[in-house]
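Okay, here's what each chain looks like letter by letter:
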Amino acid sequence: MMIKHVVMWKFKEGTEAQMNQFLDGLRGLVGQIEVLKSLEVGANINPKEKFSASLICEFDSMEDLNSYATDPRHVAVASICKDITLERVAVDFEE
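Treat the numbers as computed from the prediction; the structure is a model and nothing was measured.

> Residue-level account of the nonpolar core, with values.
Judged by nonpolar contacts, the single largest core of 23 residues is most densely connected at W9, L26 and Y68. For this core, the elements supplying multiple residues, two or more each, are β1 (3-11), α1 (16-27), β2 (38-43), β3 (53-59) and α2 (62-70). What W9 contacts, discounting residues up to four positions off in sequence, is F22, L26, F51, S52, A53, S54, L55, C81, T85, E87 and R88.

Next up, the structure:
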């Protein structure tokens, strides 16, 4: 079994530079945090949709996801989006 961690964010208008810094920071975690098996992240290109960006990560277990979530490198990147996020939704499921 693999755990999929899916997140979507809605960012404030005019914060594209910070959003891009945040998304680049997430991409930079690949190969840095060993429990992170894969990561896909990107900005929404469809202006008709509500959310600004999404993330899909894979982990071997919920314990590994929790380890990633509390890893100081992830926490540092996540702090970039705190001031620009209007809404965040997430779901974790087994595949």
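> How would you summarise the pattern of salt bridges if you had to cite specific residues and measurements?
Following the criterion strictly, the structure yields six salt bridges and no others. The salt bridge involving K4 is made with E58; its shortest N-O contact spans 2.9 Å. One end of the pair, K4, is in strand β1; the other, E58, is in strand β3, with 54 residues separating them in the sequence. Of the two residues, K4 and E58, neither departs from the other in class, the shared state being buried. A salt bridge links D24 to R27; the nearest nitrogen and oxygen atoms lie 2.7 Å apart. With D24 and R27 both in helix α1, this residue pair falls three residues apart, about one helical turn. Judged by relative accessible area, R27 falls into the partly exposed class, the value being 38%.

> If you had to explain the environment of L86 to someone new, which residues and values would you point to?
Looking at the secondary structure, you find L86 in strand β4 (residues 85-94). Between the C-alpha atoms of L86 and Y68, which are 18 residues apart in sequence, the distance is 23 Å. Here L86 is in contact with K10, F11 and K12, once residues within four sequence places are set aside.

> Describe α1, with residues and values.
With twelve residues, α1 should reach 16 Å at 1.5 Å per residue; the first-to-last C-alpha distance of 16 Å fits that figure. M19, F22, L23, G25 and L26 are the residues of α1 that are buried. Seen from one end, α1 has its buried residues packed into an arc of 155 degrees, which puts them on one side. Where the residues of α1 are buried, they touch β1, β2, β3, α2 and α3 (72-78).

Conventions adopted
Residues numbered from 1 in each chain as written. Predicted model: local features only at pLDDT ≥ 70, side-chain atom pairs only at ≥ 80, totals over all residues. Heavy atoms only, no water. Core = buried A, V, L, I, M, F, W, Y, C linked by side-chain atoms within 4.5 Å. Buried < 20%, exposed > 50% of the residue type's maximum accessible area, 1.4 Å probe, protein only. Helix = DSSP H or I, 4+ residues; strand = E, 2+ residues; numbered from the N terminus. Contact = heavy atoms within 4.5 Å. Salt bridge = Lys/Arg side-chain N within 4 Å of Asp/Glu carboxyl O. Expected span 1.5 Å × (residues − 1). Arc of directions from axis to C-beta.

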